[in-house]
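The residues making up each chain are set out below.
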Amino acid sequence: MVNRRDFIKNAAVVGGVAALGVPFTNERMALAKESAGGGVSVAVTASGQHKLPPLPYAYEALEPYIDAKTMELHHDKHHQGYLNGLNAAELALKAAQDSGDFGKIADLERALAFHGSGHANHSLFWNNMKPKSQAKPKPEGALLNWIDRDFGSLEKFKEQFSAAAKTVEGSGWGMLVYQPLLGRLYTVGVLNHQNSLVAGAIPLLVLDVWEHAYYLKYQNKRADYVAAWWNVVDWADVERNFQAARQG
Ligand code: MN
């Protein structure tokens, strides 16, 4: 049994990456596999070291569907806030491990779930979108076949996804998820960042419906925001997510 410290050291050498401060966007790439058998993979980011990934386009790139000011605040302030919460939760958990005092474990794990999911969802969300002129407007191939099978058609899927997103009570997300054990695609209206997800589900396409995502431009008209958002969905990214999820 390789202990974690040695494993991470070896993984860093094998993977040729630094063991500290790997940005989230590179974590998937930075999964380092143990060379001598096992096939175990582990992200090499140390506790409390997650960094805000840059937006993959300019703040104004999604105009007029999503305005530049909303993108700036959403990415630089809100997403950063979840990262700060995630890093703080990880460091507090590490301190609990070091001291052996698990008196606050439930609170710490709840904070980890909330902020860690917030970070993961936003990272996926930015990449799900592209300026309309560059976004792939429709899925094809395997993903389209699965959508046809599980929702009836692309149009019916978009109706169901939009309904799920629009009816989230309070803050949350609309999601398209793939559940490998159940072998199906589902839509989910997620509460906060993580509640009401099917266990083991892998998000492929996510839409932030917290008010901070749309209130400056759309005020209370969440349905208008949801309808506009489809213009900047990049189906090429959703197809890549689906392919990666199916390959485990
Ligand atoms: Mn958000």
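Everything below is about the structure printed above this text.
Residues numbered from 1 in each chain as written. Predicted model: local features only at pLDDT ≥ 70, side-chain atom pairs only at ≥ 80, totals over all residues. Heavy atoms only, no water.

Draft legend 1. Just the overall build of the protein chain, in detail. When helices and strands are tallied, the protein chain shows nine helices and five strands. Along the protein chain, helices and strands appear, N-terminal first, in the series α-α-β-β-α-α-α-α-β-β-β-α-α-α. Out of the 248 residues belonging to the protein chain, those deemed buried represent 43%. Taking the intrachain contacts of the protein chain between residues at least 6 apart in sequence as the baseline, contacts between residues at least 24 apart amount to 67%. Summing over all exposed atoms, the protein chain offers an accessible surface of approximately 12,800 Å²; the carbon and sulfur share of this is 54%. (Helix = DSSP H or I, 4+ residues; strand = E, 2+ residues; numbered from the N terminus. Buried < 20%, exposed > 50% of the residue type's maximum accessible area, 1.4 Å probe, protein only. Contact = heavy atoms within 4.5 Å. Areas by Shrake-Rupley, 256 points an atom, 1.4 Å probe, with all protein chains shown as cover.)

Draft legend 2. Examining the coordination of the manganese ion more closely. Every protein donor of the manganese ion is listed here as His74 (NE2), His122 (NE2), Asp208 (OD) and His212 (NE2), and their distances to the metal cover 1.9 to 2.1 Å. If you list the donors of the manganese ion from N- to C-terminus, the spacing comes out as H-x47-H-x85-D-x3-H. The pair formed by Asp208 and His212 is uniform in burial state, with each residue classed as buried. (Donors = N, O, S within 2.8 Å, 3.2 Å for Na, K, Ca; no water.)

Draft legend 3. Representation of the side chain of His74 in the model. By the element assignment, His74 lies in helix H3 (residues 68-99). In this structure the side chain of His74 is engaged in a polar contact, spanning 3.1 Å, whose partner is the side chain of His212. (Polar contact = N/O pair within 3.5 Å; in protein donor to acceptor, adjacent residues only side chain to side chain.)

Draft legend 4. Spotlight on the pairing of strand S3 (residues 172-179). Here S3 lies mainly inside the structure; eight of its eight residues are buried. Burial along S3 is two-sided: the residues Gly172, Gly174, Leu176 and Tyr178 and Trp173, Met175, Val177 and Gln179 are all buried. Pairing of S3 with strand S4 (residues 184-191) involves eight bridges; the strand directions are antiparallel. Paired with Met175 across the strands is Val188, a residue of S4. (Pairing = 2+ DSSP bridges.)

Draft legend 5. Inspection of a nonpolar patch on the surface at higher detail. Judged by side-chain polarity, Leu181, Leu182 and Val198 come together as a nonpolar surface patch covering roughly 320 Å² of accessible area. Inspection of the secondary structure puts Val198 in the loop between S4 and strand S5 (202-208). (Patch = residues over 30% accessible without salt bridge, like charges linked within 9 Å, V, L, I, M, F, W, Y side chains within 5 Å. Salt bridge = Lys/Arg side-chain N within 4 Å of Asp/Glu carboxyl O.)

Draft legend 6. Up close: the packing of H3 against helix H4 (residues 105-128). Across the interface, H3 lies against H4 with an axial gap of 8 Å and an inter-helix angle of 145 degrees. The way H3 lies across H4 gives a crossing that is left-handed. Counted by class, the contact of H3 with H4 contains 15 nonpolar, eleven polar and two charged residues. (Axes fitted to C-alpha atoms, helices over the stretch in contact; angles between N-to-C directions. Left-handed = near helix turned anticlockwise from the far one by under 90°. Nonpolar A, V, L, I, M, F, W, Y, C, P; charged D, E, K, R; others polar.)

Draft legend 7. Structural view of the pattern of salt bridges. As enumerated under the stated definition, the model contains eight salt bridges in all. With its nearest N and O atoms 2.7 Å apart, the salt bridge here joins Asp150 to Arg149. A residue is classified by how much of its surface remains accessible, and Asp150, at 13% relative accessible area, is buried. Residue Asp237 pairs with Arg240 through a salt bridge whose shortest N-O separation is 3.4 Å. Here Arg240 and Asp237 lie together in helix H9 (residues 235-246), a separation of three residues that amounts to about one turn. Ionic contacts of the salt-bridge type, sharing partners, join the residues Lys136, Glu140 and Glu239 into one network.

Draft legend 8. Molecular detail of the sheet that holds S4. One open sheet holds the three strands; their spatial order is S4-S3-S5, and the pairing between them is antiparallel. Of all the strands in the sheet, just S4 and S5 have a single pairing partner and so form its edges. If you compare each strand with its neighbour and ignore which way they point, the axes differ by 20 degrees on average. Contacting S3 and S4, helix H5 (residues 141-151) crosses the sheet at an angle of about 75 degrees to S4. Sheet contacts for H9: S3, S4 and S5; angle to S5, the most-contacted strand, approximately 150 degrees.

Draft legend 9. Expanded view of the environment of Ala244. Considering the arrangement of structural elements, one finds Ala244 in helix H9. The exposure class assigned to Ala244 is partly exposed, which follows from its relative accessible area of 37%. Along the backbone, Ala244 and Leu204 are 40 residues apart, and their C-alpha atoms lie at a distance of 9.7 Å.

Draft legend 10. Inspection of H9 at higher detail. Look at H9: 16 Å from first C-alpha to last across twelve residues, which is about the 16 Å you get at 1.5 Å a residue. Buried residues of H9: Trp235, Ala236, Asp237, Val238, Glu239, Asn241, Phe242 and Ala245, and no others. Among the structural elements, H4, H5, helix H6 (154-166), S3, S4 and S5 are those in contact with the buried residues of H9. Positive backbone phi, approximately 70 degrees, marks Gly248, located one or two places after H9. (Expected span 1.5 Å × (residues − 1).)

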